[in-house]
Amino acid sequence: MAKTASTPANRRVSAHAAPREPHVSLGIAAAVYFAVALLYFLPAFLPDRHIFGTDYLAGGYFFYQFISERLASGELPKWVPYVFGGLPLFANPGSTYYPIHLLADALLPISKVFPTVFWFQFGMAGLGMYLLSVELGCRRWIALVAGFAFQFTGITMSWVYAGHDGRVIVASLAPLFFFFMHRGIRAGGIAPFVGAAATLAFALLSFQIQNAYYLLLAAAIWAVFCLVHFGIVRRPALLGKRVALGLGAVALGFVIAAVNFLPFLDYVPESPRGEEGGRGYEYSVSYSMPPGELVSLAVPEHVGASVSDMQGRPLFPQYRGDNPFKLHTEYVGAFVMVLLALGFYYSRRDRYWLFFAGLSLFFLTIAFGGHTPLYRLYYAILPGTQRFRAPSLSFFVVSFSLVAMAALTLERIATLRAERLLQRSGTKGEAAELDRFVWIVGAVIALALLGALLTAGAGPTQPGTPTIAGGWMRFAIFAGLLSGVLWLWLRDRLTFPVVLILLALVTLGDLWVISRRFLHTVPPPEEMFAPDDVISFLQRDPEPFRVWAFPFPQPWRSAGAYGGNYPMLHRIEQVGGEHGNQLQRWNEYLGAGTATYIDWHNFVVDAGIVDTADGQAIAFNTVPGFLEAANVRYIVSMAPLVHPALREVHRGSALVYEHTQALPRVYLVPTAVSVPEGRMVEAMRSGSWDPRSTAFVPPSAEVQLPNTPLEGGAELVEHTPDRVVVRTRASRPALLVLADNYYQDWTATVNEQDVPVVLTNHTFRGVMVPEGESVVTFRFQPRDFYIGFAIYVAGFAFLALYGLFLLVM
């Protein structure tokens, strides 16, 4: 019965057969999508509220505050000194240079930047899906509903709960990227490929590398399909032009994103994820999607989730999967699931539908990760896969494909209906079509009702928590409503405006019920992150120092094993923090783990519970020299500690201990021992290392110091993120040690003369200073970052000029 539609134009011929159908213009569609997105995120824009996100509130917000302040002072943010001993911002710049982020940062309080980015992205998600659906030949009213289905699809909406703006940016731009690639390959011309380049640049500027990788992989498969579908592969000259334009678009997208990627390429070998061959297969398949969680496409309550409201009440039944926790859902809604079932009959010969079916299956095998042997093949042949983890992130391509399939199926049903109205086909054929429709949607609803019956009473829940059976029943209700609207439309009982309104409302209502569970707000930052008693105590010390949030049994202001970035807001530097791509040398200095980046084995040795006069406490030792050399002056703990060098100095919401043997941030060392870089930690661990008297440097540094007594000292004069000034006084040549992380882009001058910065004690900076008084100035000058920023500005200037050229032509 179904016939293949070979081009978008062929579909539009049938669309014109129904003059009563509503015409939804691009402008109206855009206004509706952005209005609905604004309504959804409105709670986060209220003056006394702040959007919630687990990772965002633990780490991201403080980085964005830091970035905003640096930009406001006229400085490009480059080095972040407050976490993990200091690290370059481009180690994980997030969406710093994403244009919407920069614009919102310039116009709004920093607390409103995140919801602004989300508002824009979900508006663009709907608009992109609308454009792609129309490009594929769908009627505009069908494209409008498809836009809603993708705009509120579960996987992207649920990423809001964790505050993963980068993932949302990439996923929400997927339909627009596919639209531009299809338009460019189908129609030719430069403009669509420039649009593809701009879209890709926006996606890459999110710096969600893994999601961008999956988007590019999906787009490459899409491009090959389009070249074959339109017969361009049989026309060598045309094929060469299209391929060149497509590759040029991808190259231009990366060029515009050079501000992130150019300096990051230098950083990769220094990161914990830059190890040759990655961190191993088990690491790469961590957070794979268990196949059993596919049921979440229709009933996320069946699997559950680790999501609670701000009062701690669970919003789903307890998560019952294989991963440690689950903060997202794969829910796609009744619109997609009902039309997916119908598509196996109505769209089984449609090339586009078959393509998206194949694409969804392929990416489903990626999302399954270690749960399928296929991932070992991907791990071996797909470049970059070895350095990723959480393959389940690729599921956004599955959701996107399923929405596209739903739109194509609804278009096919609309075409058949229009042909029936024009041709007045016989009642037998009409009855057969309607019978098949009833049987298919009836089976979907019956399965949902059966699921509700079989799971009645299953799973322990708290009062008010959705039940598993309730989830099945909810899906059955929305599937029934959607099927009823389509049935009445097919029977000519509803007019087109009514059909459009009802389909839109049912689709939005269905997805809204689930997605809304992932949007929460908290008090504003000035209230939520106000200095507590510990911060107030630490701020009394005017000298630079580091704080260690003792990780056992849990760190102060806990956000994981390393604590959160809360102290960063108050200009207090930490040994740990929340980041995920810190310098590997720092991890190794603290004690790099196998299952985790840091297991603290250089800071915590022989730990155990002991009895004291005040009760039980944690007694521990540390490898000599490590804690002292890192300028760890204070340890904040949620439990009493026992250590010979610790002295309790504050007791309140947490315990604060002063480390009485901590070295200052800068100091002079009389002796330097040459040790290969890869063996420094081993040398420092062997024996009793005294960092006051001995420093370890690589052989290439060629540091030679006289074997005579040293008198003098070092004074920190200025300590800003990108500039450090030290005044020294030495009785003979010595090595100045700055206990901040070394990185290749740090330069130094001694008395205004350039000198090399020496990697010292595995991770710190050192500089040779002469006899007498000297002024040493360290500057962070990342050359590749400056080049990348210039290219970034030039790239957007080109896009602006090209857009202006199109407007005036």
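Residues numbered from 1 in each chain as written. Predicted model: local features only at pLDDT ≥ 70, side-chain atom pairs only at ≥ 80, totals over all residues. Heavy atoms only, no water.

**A few points about the overall build of the chain**
So, point 1. When its secondary structure is counted, the chain shows 27 helices and 23 strands.
So, point 2. Here the chain has a C-alpha radius of gyration of 30 Å; the compact-globule value for 809 residues is 28 Å, and the two agree.
So, point 3. For the chain, the C-alpha atoms occupy an extent of roughly 105 × 65 × 50 Å along the three principal directions.
So, point 4. When the 809 residues of the chain are sorted by exposure, 59% land in the buried category.
So, point 5. Counted over contacts in the chain with a minimum sequence separation of 6, partners at least 24 positions apart contribute 75%.
So, point 6. A total of about 31300 Å² of accessible surface is found on the chain, and carbon and sulfur atoms cover 61% of it. (Helix = DSSP H or I, 4+ residues; strand = E, 2+ residues; numbered from the N terminus. Rg over C-alpha atoms; globule rule 2.2 N^0.38 Å. Buried < 20%, exposed > 50% of the residue type's maximum accessible area, 1.4 Å probe, protein only. Contact = heavy atoms within 4.5 Å. Areas by Shrake-Rupley, 256 points an atom, 1.4 Å probe, with all protein chains shown as cover.)

**A word on helix α5 (residues 113–135)**
So, point 1. The terminal C-alpha atoms of α5, which comprises 23 residues, lie 32 Å apart, in line with the 33 Å expected from a rise of 1.5 Å per residue.
So, point 2. Of all 23 residues in α5, 22 are buried, a share of seventy percent or more.
So, point 3. Within two residues after α5, Gly 137 carries a phi angle of roughly 100°, on the positive side. (Expected span 1.5 Å × (residues − 1).)

**Comments concerning the sheet that holds strand β12 (residues 655–659)**
So, point 1. Sheet architecture is open: five strands sit in the order β6-β5-β9-β12-β11, paired in mixed fashion. In this open sheet, the two edge strands, each paired with only one partner strand, are β6 (573–574) and β11 (646–651).
So, point 2. For strand β9 (residues 632–637) and β12, the ladder comprises four bridges, and the chain directions are antiparallel. Counterpart to Ser 637 in the pairing with β12 is Leu 655. (Pairing = 2+ DSSP bridges.)

**Overview of the nonpolar core**
So, point 1. Core analysis: the biggest nonpolar cluster contains 288 residues, and Phe 178, Trp 222, Phe 356, Trp 548, Phe 603 and Phe 778 have the highest contact counts within it.
So, point 2. Ranked by residue count, the leading element in this core is helix α18 (residues 395–423), at 16 residues. (Core = buried A, V, L, I, M, F, W, Y, C linked by side-chain atoms within 4.5 Å.)

**Quick word on the side chain of His 101**
So, point 1. With respect to the element layout, His 101 can be found in helix α4 (residues 99–107).
So, point 2. For His 101, a relative accessible area of 4% translates into the label buried.
So, point 3. Setting aside residues up to four positions removed in sequence, His 101 forms contacts with Tyr 64, Ser 95, Thr 96, Val 113 and Val 117.

**A closer look at the sheet that holds strand β10 (residues 641–642)**
So, point 1. In space, the three strands of this open sheet follow the order β7-β8-β10, with mixed pairing throughout. Where the open sheet ends on each side, the last strands, each with one partner, are β7 (605–612) and β10.

**Notes on the pattern of salt bridges**
So, point 1. As enumerated under the stated definition, the model contains 25 salt bridges in all.
So, point 2. Asp 690 is the partner of Arg 692 in a salt bridge, and the nearest nitrogen-oxygen pair spans 3.5 Å.
So, point 3. On the accessibility criterion, Arg 692 (39% relative accessible area) is partly exposed.
So, point 4. Connected via shared salt-bridge partners are Glu 301, Arg 474, Asp 510 and Arg 517. (Salt bridge = Lys/Arg side-chain N within 4 Å of Asp/Glu carboxyl O.)

**Digging into unusual backbone geometry**
Working note: non-glycine residues mostly have negative phi, and peptide bonds are mostly trans.
So, point 1. Cis geometry is found at the peptide bond from Phe 552 to Pro 553, where omega equals -5°.
So, point 2. Summarising the element assignment, Pro 553 is placed in the loop between β5 (546–549) and β6.
So, point 3. Its identity is not glycine, yet Tyr 287 carries a phi of approximately 60°, on the positive side.
So, point 4. Structurally, Tyr 287 is set in the loop between α13 (281–284) and α14 (300–303).
So, point 5. On the basis of relative accessibility, which here comes to 25%, the residue Tyr 287 falls in the partly exposed class.

**Some thoughts on the state of the cysteines**
So, point 1. All told, the structure shown has zero disulfides when counted by the stated rule.
So, point 2. With no disulfide of its own, Cys 138 lies closest to Cys 226 among cysteine sulfurs, the gap being 14 Å.
So, point 3. By relative accessible area, which is 5% here, Cys 138 ends up buried.
So, point 4. Among the residues examined, Cys 226 registers a relative accessible area of 0% and is labelled buried. (Disulfide = S-S within 2.5 Å.)

**What to know about the environment of Ile 110**
So, point 1. Among the structural elements, Ile 110 can be located in the loop between α4 and α5.
So, point 2. When the C-alpha positions of Ile 110 and Ala 357 are compared, they lie 41 Å apart, and in sequence the two are 247 residues distant.
So, point 3. With residues near it in sequence (within four places) discarded, Ile 110 still touches Tyr 56, Tyr 61, Tyr 64, Gln 65, Ser 68 and Asp 105.

**Examining helix α15 (residues 333–346)**
So, point 1. For α15, which comprises 14 residues, the first-to-last C-alpha distance of 20 Å matches the rise-based estimate of 20 Å (1.5 Å per residue) to within 8%.
So, point 2. The largest bend along α15 measures about 25° and falls at Leu 340.
So, point 3. Counted residue by residue, α15 has twelve buried out of 14 residues, so it is predominantly covered. (Bend = angle between axes of the 7 residues up to and from the residue.)

**Some remarks on the packing of aromatic side chains**
So, point 1. A full pass over the atoms with the stated rule returns 90 aromatic pairs.
So, point 2. Here the aromatic residues Tyr 40, Phe 41, Tyr 56, Tyr 61, Phe 62, Tyr 64, Phe 114, Phe 118, Phe 122, Phe 152, Trp 512 and Phe 529 are joined through ring pairs into a cluster of three or more.
So, point 3. Taking the ring centre of Tyr 281 as reference, the NZ or CZ of Arg 376 above it sits at 3.8 Å.
So, point 4. Sitting over the ring of Phe 316, Arg 517 keeps its end group 4.7 Å from the ring centre. (Phe/Tyr/Trp six-rings, centres within 6.5 Å; stacked < 30°, edge-to-face > 60°. Lys NZ or Arg CZ within 6 Å of the ring centre and 35° of its normal.)

**Focus: the environment of Asn 587**
So, point 1. Among the structural elements, Asn 587 can be located in helix α24 (residues 584–590).
So, point 2. Expressed as a C-alpha distance, the spacing of Asn 587 and Asp 599, which sit twelve residues apart in the sequence, is 8.7 Å.
So, point 3. Once you skip the residues sitting within four places of it in the chain, Asn 587 turns out to touch Pro 272, Gln 582, Ala 592, Tyr 597 and Ile 598.
So, point 4. Among the polar contacts listed, one links the side chain of Asn 587 to the side chain of Gln 582, at a separation of 3.1 Å. (Polar contact = N/O pair within 3.5 Å; in protein donor to acceptor, adjacent residues only side chain to side chain.)

**A closer look at the pairing of β7**
So, point 1. Relative to strand β8 (residues 615–621), β7 runs antiparallel, the two sharing six bridges. For Gly 608, the partnering residue across the bridge sits in β8 and is Ala 619.
So, point 2. Linkage of β7 to β8, two consecutive antiparallel strands, is achieved through a turn of two residues.

**What about the confidence of the model for the chain?**
So, point 1. Averaged over all residues, the pLDDT of the chain equals 92, while 94% of them reach at least 70.
So, point 2. Segment residues 1–19: pLDDT under 50, and 47 contacts once partners within four positions in sequence are set aside and those in other chains are kept. (pLDDT = per-residue confidence, 0-100.)

**As for the environment of Pro 269**
So, point 1. Turning to its location among the elements, Pro 269 is positioned in the loop between α12 (258–267) and α13.
So, point 2. On the basis of relative accessibility, which here comes to 57%, the residue Pro 269 falls in the exposed class.
So, point 3. Here the alpha-carbon distance between Pro 269 and Gly 442, two residues 173 residues apart in the chain, equals 56 Å.

**Overview of a nonpolar patch on the surface**
So, point 1. On the surface, a cluster of nonpolar side chains totalling about 800 Å² of accessible area is made up of Leu 801, Leu 804, Phe 805, Leu 806, Leu 807, Val 808 and Met 809.
So, point 2. Relative to the elements of secondary structure, Leu 807 occurs in helix α27 (residues 783–808). (Patch = residues over 30% accessible without salt bridge, like charges linked within 9 Å, V, L, I, M, F, W, Y side chains within 5 Å.)

**Things to note about the side chain of Asn 323**
So, point 1. Note that Asn 323 resides in the loop between α14 and α15.
So, point 2. Contact partners of Asn 323, with chain neighbours within four places excluded, come to Tyr 287, Ser 288 and Pro 290.

**Brief notes about the packing of α5 against helix α6 (residues 140–151)**
Each pair of packed helices can be summarised by the angle the axes make with each other and by the distance between the axes.
So, point 1. At a closest axis distance of 7 Å, the pairing of α5 and α6 adopts a crossing angle of 145°. Taken as a pair, α5 and α6 cross one another with a handedness that is right-handed. Only Arg 140, Ala 143, Leu 144, Ala 146, Gly 147, Phe 150 and Gln 151 of α6 make contact with α5, whose side of the interface consists of Phe 122, Gly 123, Ala 125, Gly 126, Met 129, Tyr 130, Ser 133 and Val 134.
So, point 2. Classifying every residue of the contact of α5 with α6 gives nine nonpolar, five polar and one charged. (Axes fitted to C-alpha atoms, helices over the stretch in contact; angles between N-to-C directions. Left-handed = near helix turned anticlockwise from the far one by under 90°. Nonpolar A, V, L, I, M, F, W, Y, C, P; charged D, E, K, R; others polar.)

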